[in-house]
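Now for the letters of each chain:
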Amino acid sequence: MVALTHQGTQLTALNRLTIQTSSIGENTTVIRCLDWDRDRFDIEFGLRNGTTYNSFLIEGEKTALIDTSHRKFQDLYLDCLNNLIDVSTLDYLVVSHTEPDHSGLVKDVLKLAPNVTVVGSKVAIQFLENMVHQPFNSLIVKSGSSLDLGNGHELQFISAPNLHWPDTIFTYDQNTSILYTCDVFGMHYCDDYIYDEEPDLLQADFKYYYDCLMGPNARSVLAGLKRIDKLDINLIATGHGPLLKHYIDQWLNDYSQWSKEQAKTDNLVVIFYDENYGYAEENARQIAQGLQKTEVNIDLIDLATTDPHETRQLVYEAKGIVLGMPAQSDDHAQIIVNTILAVAHPKQAIGLFESGGGEDEPIYPLRNKLQEIGLTEGFPPILTKTAPTPNSQKMAEEAGTDLGQWITRNRSIKKLKNIDSGLERALGRISSGLYLITANKGEIAGSMLASWVIQASLEPLGVAIAVSKDRAIESLLHPGDRFVLNVLEEGNAQGLMKHFLKRFAPGADRFAGVKTYPAQNGSQILANALAYLECEVVSRTDCGDHWMIYSTVQRGRVSKVDGLTAVHHRKVGTHY
């Protein structure tokens, strides 16, 4: 291990992973984990200049750590943190959002500081409970919440959903005027300059990062900018790249201009819900997650904080509207619902869900009113009587995907028409087999008829499957997930194809009426399959509108030795 010094800042080096710490304000320290050689960030985009993972320590009368780091920095980060403070006495751990590159060491911090209170949004705390699998003290915050650390360090929290995760919050320290934004305003750029010293060198990476992560949620970016507009900001402490100090107005203006342009062209879906009523927030987030697969722009609006003017503007611009039932006794929410009814028009799609708060506005009379106006139902009403379950969450996600697919249907058709007809026919001459993928994760089961399947490796034995990003099963095919690849038989595939090609309602049982038995990995084997392979996902590669899922094969069997795989011949390459 080598100790390096740069501009008065201590660094510790291990190969090409380094740790850099520096004071950035009164009683405030940045811990920067520099990943010099990383050339790809997860599956989202390639990197040219590495990246950093930034964490922050505020020491008032009480001590708060804002975010942790990527798991690859486990030893370096924890050693560094222990050198800065006695971690066992840490009072608060603020989780800006639960993406693994910022929360990868939360469990380690909990082990070192068992009495620490984890601070985050409601959704973040729920995500963490499923990640760390142990009890911990927690404090749920949202816009307007604050936390006094003493010595003038009063933290103010700002909800920033979908930037770019559903559980994101900003943290503002009124003493130092530092705004902690995690991914927002960041960039994947690794060097040992702590601040934005050379904006011309950073601009391309700043824009690339925005395009990949923030651009798809331009409406949410504009909402986030509005929430911080009145703050006196001396420093933007981002989760990746240099901290923004010298050119703050320029960076904020870039985000504003890019997002306004993006918002003009994108399909907008507005989700109205009461954040503090029943299970409205949980349902809204799941629907938003499904919508994101179809690349529509999403705006989540709290019925309690919006006003009729904002509502009229949003509904007027929206292609789709989702409404969670408010409490019948909530007079303000009733005004907003009436505003939606007054502005909604027949070219829009609508989706309704119950909040399960005990006195929900009746969903079916409202549905009838919207149908009389002429809106198209994007998904059937979602009824909520109990706390969300994995199955109900999956149903809400699938409902969002269905709505998004309806809204983007014309865009998809337009893209296909732009393909050269000769190229289209040539692509269609690539033949393939016919397969059915089945996957189970806990209580959730999924299936997909597939033809874009190939053997991808011999050692280890592996297969690759192309899966459209808006397919429901996509969320069951992440690294570590397991599935069965069922091989369909020539002359015996039509019945299965007819069944699995039909459109299923959100949450419907795909296997009703189909004879199956469980594989060792828990997924379903078709009784009429020619063969099956039990697989485990290793990686996913972004291929535009599809994920390429590479998986290793654990076991398999053929039911009919002389049977032939069903072959799929196409005439054009723009359809399966």
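See above for the structure.
Residues numbered from 1 in each chain as written. Predicted model: local features only at pLDDT ≥ 70, side-chain atom pairs only at ≥ 80, totals over all residues. Heavy atoms only, no water.

**Student:** Go over the pairing of strand β8 (residues 63-66), please, and point to the residues and values.
**Tutor:** Because side chains alternate across β8, one face comprises the buried residues Thr 63 and Leu 65, and the other comprises Ala 64 and Ile 66, equally buried. In the sheet, strand β7 (residues 51-59) pairs with β8 via four bridges, with the strands oriented antiparallel. Bridge pairing in β8 places Phe 56 opposite Ile 66. Connecting β7 to the next strand, β8, in antiparallel fashion are three residues. For β8 and strand β9 (residues 92-94), the ladder comprises three bridges, and the chain directions are parallel. Across the sheet, Ala 64 pairs through a bridge with Tyr 92, a residue of β9. You can see the chain leave β8, run along helix α1 (residues 74-84) and come back into β9, and the turn it takes is right-handed. (Buried < 20%, exposed > 50% of the residue type's maximum accessible area, 1.4 Å probe, protein only. Helix = DSSP H or I, 4+ residues; strand = E, 2+ residues; numbered from the N terminus. Pairing = 2+ DSSP bridges. Right-handed = clockwise from strand over helix to strand, strands pointing away.)

**Student:** Could you give an account of the sheet that holds strand β31 (residues 546-558), with specific residues and numbers?
**Tutor:** Ordered in space as β24-β23-β27-β30-β31-β26-β25, the seven strands form an open sheet in which the pairing is antiparallel. Edge positions in the sheet fall to β24 (444-450) and β25 (453-457), since each has one partner strand and no second. Each strand axis lies, on average, 35° off the axis of its neighbour in the sheet, ignoring direction. Pairing of strand β23 (residues 435-441) with strand β27 (residues 482-487), which is carried by five bridges, proceeds in the antiparallel orientation. Bridge pairing in β27 places Thr 438 opposite Val 484. (Axes fitted to C-alpha atoms, helices over the stretch in contact; angles between N-to-C directions.)

**Student:** Account for the side chain of Asn 486, with residues named and values stated.
**Tutor:** Assignment of secondary structure puts Asn 486 in strand β27. Residue Asn 486 is classed as buried on the basis of its relative accessible area of 0%. At 3.4 Å, the side chain of Asn 486 forms a polar contact with the backbone oxygen of Gln 524. A polar contact is formed between the side chain of Asn 486 and the backbone nitrogen of Leu 526, at a distance of 3.0 Å. (Polar contact = N/O pair within 3.5 Å; in protein donor to acceptor, adjacent residues only side chain to side chain.)

**Student:** I'd love a proper account of the packing of aromatic side chains, names of residues and values included.
**Tutor:** Ring pairs (aromatic) are described by centroid distance and by the angle formed between their planes. Within the structure shown, the criterion is met by ten aromatic pairs. Considering the side-chain rings of Phe 56 and Tyr 180, the 5.1 Å spacing of their centres and the 65° angle between planes classify their relative orientation as edge-to-face. Separated by 124 residues along the polypeptide, Phe 56 in strand β7 and Tyr 180 in strand β15 (residues 178-182) bring together distant segments of the chain. Classification of Tyr 180 as buried rests on a relative accessible area of 1%. Three or more aromatic residues link up through ring pairs in this structure, and these residues are Phe 185, Phe 206, Tyr 210, Trp 251, Tyr 255 and Trp 258. Between Arg 540 and the ring centre of Trp 547, over which it is positioned, the NZ or CZ distance is 4.5 Å. (Phe/Tyr/Trp six-rings, centres within 6.5 Å; stacked < 30°, edge-to-face > 60°. Lys NZ or Arg CZ within 6 Å of the ring centre and 35° of its normal.)

**Student:** Help me get a handle on unusual backbone geometry, residues and values and all.
**Tutor:** Following Glu 459, the chain continues into Pro 460 via a peptide bond in cis, with omega recorded as 5°. Tracing the backbone through its elements, the reader meets Pro 460 in the loop between β25 and β26 (462-468). A positive phi is found at Asn 151, a non-glycine position, where the angle reads about 55°. As for its placement among the helices and strands, Asn 151 is situated in the loop between β12 (146-148) and β13 (154-159). Residue classification places Asn 151 among the partly exposed residues on the basis of a relative accessible area of 44%. The phi dihedral of Phe 185 is positive, around 70°, even though this residue is not glycine. By the secondary structure assignment, Phe 185 is in the loop between β15 and α5 (199-214). For Phe 185, a relative accessible area of 2% puts it in the buried group.

**Student:** So what about helix α10 (residues 331-343)? Which residues, and what values?
**Tutor:** Taking 1.5 Å of rise per residue, the 13 residues of α10 would be expected to cover 18 Å, and the 19 Å separating its terminal C-alpha atoms lies within 8% of that figure. Turning to α10, its buried residues are Ala 333, Gln 334, Ile 336, Val 337, Thr 339, Ile 340 and Leu 341. Lining the buried residues of α10 we find β17 (268-273), α9 (308-317), β19 (320-324) and α11 (363-373). (Expected span 1.5 Å × (residues − 1). Contact = heavy atoms within 4.5 Å.)

**Student:** A description of the sheet that holds β17 should follow, citing residues and the corresponding values.
**Tutor:** Pairing is parallel in the open sheet, where five strands are placed in the order β18-β17-β19-β20-β21. The open sheet has two edge strands with one neighbour each: β18 (297-302) and β21 (376-377). Examined bridge by bridge, β19 and strand β20 (residues 349-353) share five bridges and lie parallel to one another. Opposite Val 322, over in β20, you have Gly 351 as the bridge partner. Contacting β17, β18, β19 and β20, helix α8 (residues 280-292) crosses the sheet at an angle of about 170° to β17. Lying on the sheet, α11 is in contact with β19, β20 and β21; it crosses β20 at an angle near 175°.

**Student:** Go over the side chain of Ser 103, please, and point to the residues and values.
**Tutor:** Within the fold, Ser 103 resides in helix α2 (residues 100-103). Residue Ser 103 is classed as buried on the basis of its relative accessible area, which comes to 4%. From its side chain, Ser 103 meets the backbone oxygen of Thr 98 in a polar contact 2.8 Å long. For Ser 103, the residues in contact, after removing those within four places along its chain, are Thr 68, Ser 69, His 97, Thr 98 and Met 131.

**Student:** Which residues make up the pattern of salt bridges, and what values go with them?
**Tutor:** Counted according to the given criterion, the structure contains 19 salt bridges. Glu 398 is the salt-bridge partner of Arg 510, the closest N and O atoms lying 3.3 Å from each other. Taken as a pair, Arg 510 in the loop between α15 (494-501) and β28 (516-518) and Glu 398 in helix α12 (residues 390-407) lie far apart in primary sequence, 112 residues in all. Comparing Arg 510 with Glu 398, the two get one shared label, buried. For Lys 469, the salt bridge goes to Asp 542, with nearest N and O atoms at 2.8 Å. (Salt bridge = Lys/Arg side-chain N within 4 Å of Asp/Glu carboxyl O.)

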